[in-house]
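# Descriptive structure summary
Given next are the chains, with one letter for each unit.
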Amino acid sequence: MYAPLAYLLKFLSLIMTGKRNLEFIFVGGILLGGFIAVNLLSNGQPIQVNPKLQTELATYGITNYNSFVPSDLLPGHHYLA
């Protein structure tokens, strides 16, 4: 249970000593890319879904189209309501 935490602390200590800079840049790039995708590339408009596709997805119980991944597909979505 504590192995990931120990590995993270070891990794952070290696970053502070100047080793593994390439991995730090890689992880930083992933975080920066995620920030840009969420904040700068989203327009806030609802996602438009073809009416035929909506009726077919409704047969599977998917009715929420507020995000790219419908919350109906995520486990535990009923806890978030």
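This structure is a prediction, so every number in the text was calculated from the model and none was measured.

The rules behind each value
- Residues numbered from 1 in each chain as written.
- Predicted model: local features only at pLDDT ≥ 70, side-chain atom pairs only at ≥ 80, totals over all residues.
- Heavy atoms only, no water.
- Helix = DSSP H or I, 4+ residues; strand = E, 2+ residues; numbered from the N terminus.
- Buried < 20%, exposed > 50% of the residue type's maximum accessible area, 1.4 Å probe, protein only.
- Areas by Shrake-Rupley, 256 points an atom, 1.4 Å probe, with all protein chains shown as cover.
- pLDDT = per-residue confidence, 0-100.

Attention shifts here to the overall build of the protein chain. A tally of regular secondary structure across the protein chain gives four helices and zero strands. Mapped in sequence order, the helices and strands of the protein chain form the string α-α-α-α. Within the protein chain, the fraction of its 81 residues that count as buried is 10%. With an accessible surface of roughly 7300 Å², the protein chain has 69% of that area assigned to carbon and sulfur atoms.

With respect to the secondary-structure elements, Gly61 resides in the loop between helix H3 (51–59) and helix H4 (77–80). With relative accessibility at 43%, the residue Gly61 sits in the partly exposed group. Spatially, the C-alpha atom of Gly61 lies 7.3 Å from that of Asp72, the residues being eleven residues apart in sequence.

For the protein chain, the average pLDDT comes to 78, and 86% of its residues sit at 70 or higher. Within the protein chain, H4 has the poorest average pLDDT of any element, 56, and H3 the best, 90.

This next bit is on the environment of Tyr60. Inspection of the secondary structure assignment puts Tyr60 in the loop between H3 and H4. What makes Tyr60 exposed here is its relative accessible area of 59%.

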